[in-house]
Amino acid sequence: MKSFSRHIPLVLLLGTLSAAVPAQAQEFKAGFVNTDRIFREANTAKAAQAKLEQEFSRREKDLVDQGNALKTATEKFEREAPTMAESQRTTRQRQLVEQDRDFQRKRREFQEDLGARKNEELSQVLERANRVVKQVAEAEKYDVILQEAVYINPKHDITDKVLKALNAANGTAAK
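The paragraphs below set out a description of the structure included in this document. As the structure is a prediction and not an experimental result, all values here were calculated from the model.

A word on the side chain of Thr-159. Position of Thr-159 relative to the elements: it lies in helix α5 (residues 159-174). Each residue touching Thr-159, except ones within four places of it in the same chain, is listed here: Phe-32, Val-33, Asn-34, Arg-37 and Ile-38.

On to the side chain of Arg-117, then. Turning to its location among the elements, Arg-117 is positioned in helix α4 (residues 86-139). Those residues in contact with Arg-117, other than ones at most four positions away along the chain, are Lys-51, Leu-52, Glu-55 and Phe-56.

Let's shift gears to the nonpolar core. Core analysis: the biggest nonpolar cluster contains 16 residues, and Val-33, Ile-38, Ala-42, Ile-158, Val-162 and Leu-166 have the highest contact counts within it. For this core, the elements supplying multiple residues, two or more each, are α3 (43-80), α4 and α5. With six residues, the top contributor of residues to this core is α4. When near neighbours in sequence (up to four residues on either side) are disregarded, Val-162 contacts Val-33, Ile-38, Ala-129, Val-132 and Val-133. Ranked by size, the runner-up nonpolar core spans 11 residues in total, among them Leu-70, Phe-77, Ala-81 and Leu-96.

The next thing to look at is the pattern of salt bridges. Taken as a whole and assessed by the stated rule, the structure comprises 15 salt bridges. Asp-113 is the salt-bridge partner of Arg-59, the closest N and O atoms lying 2.9 Å from each other. Of this pair, Arg-59 sits in helix α3 while Asp-113 sits in helix α4, placing them 54 residues apart in sequence. Owing to a relative accessible area of 33%, Arg-59 belongs among the partly exposed residues under this scheme.

Moving on: the packing of α3 against α4. Orientation of α3 relative to α4, taken along the N-to-C sense of each, is 170°, at an axis distance of 10 Å. Taken together, the axes of α3 and α4 lie roughly antiparallel to each other. Across the contact of α3 with α4, the residue classes tally to 13 nonpolar, seven polar and 16 charged.

The next subject is the packing of aromatic side chains. All chains considered together, the criterion is met by one aromatic pair. Look at Phe-56 and Phe-110: their rings are 5.8 Å apart centre to centre, the planes differ by 75°, and that puts the pair in the edge-to-face class. Of this pair, Phe-56 sits in helix α3 while Phe-110 is found in helix α4, placing the two residues 54 residues apart along the sequence. Across this residue pair, the class does not change: Phe-56 and Phe-110 are buried. We note Lys-29 situated over the ring of Tyr-142; from NZ or CZ to the ring centre the distance is 4.5 Å.

Analysis parameters
- Residues numbered from 1 in each chain as written.
- Predicted model: local features only at pLDDT ≥ 70, side-chain atom pairs only at ≥ 80, totals over all residues.
- Heavy atoms only, no water.
- Helix = DSSP H or I, 4+ residues; strand = E, 2+ residues; numbered from the N terminus.
- Contact = heavy atoms within 4.5 Å.
- Core = buried A, V, L, I, M, F, W, Y, C linked by side-chain atoms within 4.5 Å.
- Buried < 20%, exposed > 50% of the residue type's maximum accessible area, 1.4 Å probe, protein only.
- Salt bridge = Lys/Arg side-chain N within 4 Å of Asp/Glu carboxyl O.
- Axes fitted to C-alpha atoms, helices over the stretch in contact; angles between N-to-C directions.
- Parallel < 35°, antiparallel > 145°, perpendicular 65-115°, else oblique.
- Nonpolar A, V, L, I, M, F, W, Y, C, P; charged D, E, K, R; others polar.
- Phe/Tyr/Trp six-rings, centres within 6.5 Å; stacked < 30°, edge-to-face > 60°.
- Lys NZ or Arg CZ within 6 Å of the ring centre and 35° of its normal.

Set out below in structure tokens:
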């Protein structure tokens, strides 16, 4: 319901605009950009993803290695526990719990850091894409460009134009 009510002002605006434009006046021109496709297909988005992978791959590998070492140590403890002295078993169990706590903390920090960096990179991609959308809209005289909609007729989808312009702009910026 909340999502539906968010779109009511837009529907009213579009209805008002279309009713206010006389039949002989210039036609109302609307377009749509699929931001999910921009994030998947734009060269800047792909470069951002590669940058993130490079930046976080070592930490991810360290976490995987630490998780595997903890799993191996736990399995070893479970095999040897019946033959251990009570004090030795308790000490070893405490060590494993502490190692697991440390591993969980590092994994949580990794996820938080990765999420924050991903948001930073995607916001930069979106900022560039929005500039290109504005350029395309002005050049082709669009009245409105939407980024979210329940349904869009494919003839109004300008995502390909935006991707082409964004990739071209990125190519010239890289040179």
